[in-house]
Amino acid sequence: MTLLKNKKTTLLILIGIGVVSVLSSLFIFENSCGLKHIAILNDLKTYESTLDPEFCEELIERIDSFNMQCKPEVEILDCG
């Protein structure tokens, strides 16, 4: 009986460690300047094909935030 209880406890600990590891990785990658830069570059390509002014305004806000936090500055768009 104690062997079964130890296996359940070990399994729960391993699952907990796995969940914490995945959440930590997602948090680190979400705040990564490199990933934000790639996302902005992809959105710039999307904007060039759609020329949607609302999308442009949102993109400008993201670019401005990115430029304040990260080094490779992205040029601000002219939505006009």
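None of these values were measured; they are calculated from a predicted model.

Scoring rules and cut-offs
- Residues numbered from 1 in each chain as written.
- Predicted model: local features only at pLDDT ≥ 70, side-chain atom pairs only at ≥ 80, totals over all residues.
- Heavy atoms only, no water.
- Helix = DSSP H or I, 4+ residues; strand = E, 2+ residues; numbered from the N terminus.
- Contact = heavy atoms within 4.5 Å.
- Core = buried A, V, L, I, M, F, W, Y, C linked by side-chain atoms within 4.5 Å.
- Buried < 20%, exposed > 50% of the residue type's maximum accessible area, 1.4 Å probe, protein only.
- Polar contact = N/O pair within 3.5 Å; in protein donor to acceptor, adjacent residues only side chain to side chain.

Enquirer: Would you take a moment to explain the side chain of N67 for this structure?
Expert: By the secondary structure assignment, N67 is in helix α3 (residues 53-69). If we ignore the near neighbours within four places in the chain, the residues touching N67 are P72, E73, V74 and I76.

Enquirer: Please explain the nonpolar core as it appears in this structure.
Expert: In a soluble, globular protein the nonpolar side chains are often hidden away together inside. Core analysis: the biggest nonpolar cluster contains ten residues, these being I40, L44, Y47, C56, L59, I60, I63, F66, C70 and V74. At the level of elements, α2 (33-50) and α3 are the ones that each hand at least two residues to this core. Counting residues per element, this core draws most heavily on α3, at five residues.

Enquirer: Whenever I open this one, the environment of N67 confuses me. Can you help?
Expert: In this structure N67 comes out as buried when scored by relative accessible area, which is 15%. Spatially, the C-alpha atoms of N67 and H37 are 9.6 Å apart, while their sequence positions differ by 30 residues. A distance of 2.8 Å separates the side chain of N67 from the backbone nitrogen of V74, its partner in a polar contact.

Interpretation in functional terms is not warranted from these geometric data alone.
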